[in-house]
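# Summary of structural features
Residue-level listing of the chains:
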Amino acid sequence: MDYLNFFGKIRFIGAIFFLCVLNNLYGQQFPVYRIDPAKAYGGAIADYFENVEYIPLETTKESLFGQVSDLIVTDSSYVINDFDTNAIFFFDTKGAFLTKYNIKGANLYHKISFDKNNNVILLTIYDNRLDKKSFTALSLKGKILRSINDFFQGDQFTSLSDSFYIVSNSCMTINDAPATDSLYSLLSVYKGDSLYKLFLPYRQNENLGLCNIGVSIILPGISDSGSIYVATPLEHKLFKVTKDTATMIGSFIFPMNRSLPPKTIYSDDKKFVDSLYPKVDEYNTILGVSNIYFINQYLFFKINTRAFKSFVGSEGRFLYNFIYDLKTNKLISLERITPDDQSYFLPILGNTSHINGLVIMGKYLYSDISSLLMFDAKDRTKYKNPQYPPVLQEYFKTQSRKSNPVIVRMKLKE
């Protein structure tokens, strides 16, 4: 894969050709997942997980960072994107620090994804002042493979297969500019540096709600055998996407008190759409669904609001990460799953897990816990006399509340 050519040439080059995935969908029957987060079940960790493993990330002057903004899990490393230090950190699977890549400049937003086919980390850096993006391909040990600046008309991208990439686009109007009848596709597929397919078309003037209030589709950081699952903003239609197809396979429906009126998405009435802005509750209104995975009989997903509140416990109402049992229709909130002796009475979700969602690889789930939360939990549960494994005994003996976070690795029950 020639990353120099790919990153140097990749551009949104217009609607060269177009595939409308909604053709022939009407009249077909699709599963409808009726989700009421307030009625989600909890339970004990042992009810859902075979084992829970804690992996402290080494803390040195060079490796110390703020919090996990993005987490990539590979066969040989954990890769952390941290906004506080403007750096990408690399740790091996036991938590030992390998190296870091420093991002130079101010007012930058950065995102990482994993190209599993070529075993590289793809780093996208956004310069908000110049509205410019740059791309860097890093090895799994943090070495620069290719780097070049370029403009890129997409919010994020993920590798689908060797030389094929999917890009998430936005149809948002810029600076209150009037809506146009131009066709915008929420997803673009590139083969190398050439546009290959366009999926999920919308027009600004016909879909003012989606384009003025909605957000772009949030892509997973890694594809599964060349495919990903995504949901459209606001309307929450569920698609399985490959390099050649975007197939609707279902939809999510949420309670009315957590949703905008259905006509919002397709409205061409600007006055009506503008009137909805005050009704978008930043903590309550569900704008999108992401982190969608199917494992065995379970559907995993995360709901997205404009802002997040951190709360873990059986009575919490700010819930984001869910498991839906396709056989029983039971909805489980990961925030409501309570620690037990399986997890040494320590939490399995941290504050940033709410924002970023869990990382799912095979039958394993990964999250991160700050050392502050780890030590607080240790102090609260010491009366239960938890039997910590050697790695946690050493961690609590040598580290502090200011140390690097801990990675949590959980294996689902069969």
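For the structure, check the block above.
Residues numbered from 1 in each chain as written. Predicted model: local features only at pLDDT ≥ 70, side-chain atom pairs only at ≥ 80, totals over all residues. Heavy atoms only, no water.

## Notes on the pattern of salt bridges
In the structure shown here, the tally under the stated rule is nine salt bridges. A salt bridge links K237 to E235; the shortest N-O distance between them is 4.0 Å. Residue classification places K237 among the buried residues on the basis of a relative accessible area of 16%. A salt bridge links R401 to D379; the nearest nitrogen and oxygen atoms lie 2.6 Å apart. Residue R401 is located in the loop between α7 (390-398) and β25 (406-412), and its partner D379 is located in helix α6 (residues 371-381); the two are separated by 22 residues in the primary sequence. Residue classification places R401 among the partly exposed positions, given a relative accessible area of 37%. Through salt bridges with shared partners, one network takes in K197, K243 and D244. (Salt bridge = Lys/Arg side-chain N within 4 Å of Asp/Glu carboxyl O. Buried < 20%, exposed > 50% of the residue type's maximum accessible area, 1.4 Å probe, protein only. Helix = DSSP H or I, 4+ residues; strand = E, 2+ residues; numbered from the N terminus.)

## Considering the nonpolar core
In terms of nonpolar packing, the biggest core is built from 63 residues, with F49, Y54 and I348 touching the most fellow members. Residues in contact with I348, not counting those within four places in the same chain, are I45, F49, V52, Y54, I337, S343, S367, I369, V408 and M410. (Core = buried A, V, L, I, M, F, W, Y, C linked by side-chain atoms within 4.5 Å. Contact = heavy atoms within 4.5 Å.)

## Some words on the sheet that holds strand β22 (residues 331-338)
Spatially, five strands are ordered β2-β22-β21-β20-β19 in an open sheet, and the strand pairing comes out mixed. One side of each edge strand has no neighbouring strand; the edge strands of this open sheet are β2 (41-44) and β19 (288-295). Within this sheet the neighbouring strands show an average axis-to-axis angle of 35 degrees, counted without direction. Bridge count between strand β21 (residues 321-325) and β22: three bridges; the pairing is antiparallel. Counterpart to F322 in the pairing with β22 is S333. (Pairing = 2+ DSSP bridges. Axes fitted to C-alpha atoms, helices over the stretch in contact; angles between N-to-C directions.)

## So, the environment of T245
With respect to the helices, strands and loops of the structure, T245 is situated in the loop between β17 (237-241) and β18 (246-253). In this structure T245 comes out as partly exposed when scored by relative accessible area, which is 35%. Along the sequence, T245 and L198 sit 47 residues apart, while their C-alpha atoms lie 9.4 Å from each other. Residues in contact with T245, not counting those within four places in the same chain, are F199 and K240.

## Describing a negative patch on the surface
Residues D181, E206, D268 and D269 make up a contiguous surface patch of negative charge. Considering the arrangement of structural elements, one finds D181 in the loop between β13 (164-168) and β14 (183-191). (Patch = residues over 30% accessible without salt bridge, like charges linked within 9 Å, V, L, I, M, F, W, Y side chains within 5 Å. Areas by Shrake-Rupley, 256 points an atom, 1.4 Å probe, with all protein chains shown as cover. Lys, Arg positive; Asp, Glu negative; His and termini not counted. Charge placed at Lys NZ, Arg CZ, Asp CG, Glu CD.)

## Regarding the packing of aromatic side chains
For any pair of aromatic rings, geometry is given as the distance between the ring centres together with the angle between the planes. Evaluated as defined, the whole model comprises 22 aromatic pairs. Plain terms: the ring middles of F83 and Y109 are 5.3 Å apart, the flat faces sit at 45 degrees to each other, and that makes the pair tilted. With F83 in the loop between β5 (77-82) and β6 (87-92) and Y109 in strand β8 (residues 108-115), the pair connects residues that are 26 residues apart, well separated along the chain. For Y109, a relative accessible area of 37% translates into the label partly exposed. (Phe/Tyr/Trp six-rings, centres within 6.5 Å; stacked < 30°, edge-to-face > 60°.)

## Points about α6
For α6, every residue scored as buried is listed here: S371, M374, F375, A377 and T381. Projected down its long axis, α6 carries its buried residues within an arc of 160 degrees, all on one side. (Arc of directions from axis to C-beta.)

## Section: the environment of L276
Along the chain, L276 turns up in the loop between α4 (270-275) and β19. For the pair L276 and T264, spaced twelve residues apart in sequence, the C-alpha separation works out to 8.4 Å. Among residues more than four places away in sequence, those in contact with L276 are I213, P261 and T264.

## Observations regarding the pairing of strand β7 (residues 97-102)
Consecutive residues of a regular strand have side chains that alternate between opposite faces of the sheet. Judged from the five bridges that link them, β6 and β7 form a sheet pairing that is antiparallel. Counted as the bridge partner of F91 is F97 from β7. With antiparallel pairing between neighbouring strands as the criterion, β6 and β7 make up a hairpin whose turn holds four residues, including G95 at a positive phi of roughly 95 degrees.

## Some details on the pairing of β8
Taking burial as the measure, the eight residues of β8 include six buried ones, the bulk of the element. Where β8 lies against strand β9 (residues 120-127), eight bridges are found, and the strand directions are antiparallel. Residue L108 lies in a different strand from β9, and its bridge partner there is D127. Taking the residues that link successive antiparallel strands as the turn, the β8-β9 hairpin has four residues, and the phi of N119 there is positive, at about 55 degrees.

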